[in-house]
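The primary structure of each chain is shown beneath.
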Amino acid sequence: MHKPPDLPPAAPDPSPAAPDPSPAAPERPQVLAIVERAYRGAVEKQFVDALYLALELHRRLGGIDILLRGQAVTYAARDARVPPLRLGNRVVETLTDPRGDVRRLLDAGVRVYAEEPGLAAYGMDGEGRLLDQVRPMSADEAAARWSTYRMVCFL
Amino acid sequence: MGRPVPHTDVMVILMGAPHESDQTTSVLRLLQAMLERGGRVQVWTCGYATHLTRQALGAAKQRNIASWTTSYPSTATLVQDLLAAFPDQLYWYGCQFCSDDRGVHDHVPEVILRRPSSFAANSAATGKTLMVGVI
């Protein structure tokens, strides 16, 4: 008696209810970028700062969330301005403008959070101190969210 | 005999690296403020601060893809502007040893390179010395 050959496994049910094998992009970003070191060379960097890079990461990694922490929460200060800088006979008006960077990120669809201890430390925990759409977040919640991201990085 | 060092009111020894903090910005602002008040100032750069005046930086930074026609002056250009605006008040020295150590062989011509052994002469030719940053 010969044992009949094993049959190949049954093909998966092609019913419409089957999950899509190539799901679309996840609904929420898979990357959390934390910015906690602020003001790293307004004259040297000018436009080439960490948030300029962040916009590229957002485009290339399928979306990122940004958490501003420590002094970097002031990047989202609604009323802060970057004054021009006179050097020699030149007026430099192209210094790093973190508020402008944050606005560009928000316009590109990046969700920007500001950690509450930093907001309190820099007097920004009052009403109307933050740019619109920048959301305060407690330190506990920020830490608890790490596990929901595929990647957490510091910029 | 070494090159004579003009006497200045203040000597700023800039050691901190650029691109790490707003220290360079603060120092340039301080220089401008002192020079506008008629002060005579010398800057001595050590460590990575020697990179501020590299010719390789060019006159302007690279293009900004988000603002294609905007020109962003390099730090080398800004230092040259300062020196041109205050010709008898500001002197910019670069440490030869640190420049060699960090591959900075292309300072803009206005920068006077000095060996560490010359430092005492610069230090003696100033009223106050301000050391900014660490190597």
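Shown above is the structure to which this text applies.
Not measured: the values here are computed from a predicted model.

A. Highlighting the overall build of chain A. Within chain A, the secondary structure is distributed over 5 helices and 7 strands. Across the 155 residues that make up chain A, the buried fraction comes to 32%.

B. Inspection of the overall build of chain B at higher detail. In terms of regular secondary structure, chain B is built from 4 helices and 5 strands. Listing each helix as α and each strand as β along chain B from the N terminus yields β-α-β-α-β-α-β-α-β. In terms of C-alpha radius of gyration, chain B reaches 15 Å, essentially the compact-globule figure of 14 Å for 135 residues. The burial tally for chain B puts 40% of its 135 residues in the buried class. Pairs at least 24 apart in sequence give 70% of the contacts found in chain B among residues at least 6 apart.

C. Quick peek at the pairing of strand E1 (residues 31–35) of chain A. All names here are of chain A. Across the 5 residues of E1, 4 count as buried, placing the element largely inside the fold. When E1 meets strand E2 (residues 64–68), the two strands line up parallel, connected through 5 bridges. Counted as the bridge partner of Ala33 is Ile66 from E2. Here E1 pairs with strand E7 (residues 151–154) via 4 bridges, running parallel.

D. Representation of the packing of helix H2 (residues 50–60) of chain A against helix H3 (residues 98–107) of chain A. Residue and element names in this part refer to chain A. It is the contact of H2 with H3, at a shortest axis distance of 9 Å, that shows an interaxial angle of 10°. It follows that H2 is roughly parallel to H3 by the angle criterion. From H2, Leu51, Tyr52, Ala54 and Leu55 reach across to H3, where they touch Pro98, Asp101, Val102, Arg104 and Leu105.

E. Examining the sheet that holds strand E4 (residues 112–114) of chain B more closely. Residue and element names in this part refer to chain B. Across the sheet, 5 strands lie side by side as E4-E3-E2-E1-E5; this open sheet has parallel pairing. Both edges of this open sheet fall to E4 and strand E5 (126–132), since each of them pairs with a single strand only. With strand direction ignored, the average angle separating the axes of adjacent strands in the sheet is 25°. Here strand E1 (residues 8–14) runs beside strand E2 (residues 41–45); their pairing, made up of 5 bridges, is parallel. Directly across from Leu14, in E2, lies its bridge partner Thr45. Each of E1, E2, strand E3 (90–95) and E5 touches helix H1 (residues 23–36); the most contacted strand, E1, lies at about 175° to it.

What counts and how
- Residues numbered from 1 in each chain as written.
- Chains lettered and ligands numbered in written order.
- Predicted model: local features only at pLDDT ≥ 70, side-chain atom pairs only at ≥ 80, totals over all residues.
- Helix = DSSP H or I, 4+ residues; strand = E, 2+ residues; numbered from the N terminus.
- Buried ≥ 20, exposed ≤ 12 C-beta atoms within 10 Å, placed from the backbone.
- Rg over C-alpha atoms; globule rule 2.2 N^0.38 Å.
- Contact = placed C-beta atoms within 7 Å.
- Pairing = 2+ DSSP bridges.
- Axes fitted to C-alpha atoms, helices over the stretch in contact; angles between N-to-C directions.
- Parallel < 35°, antiparallel > 145°, perpendicular 65-115°, else oblique.

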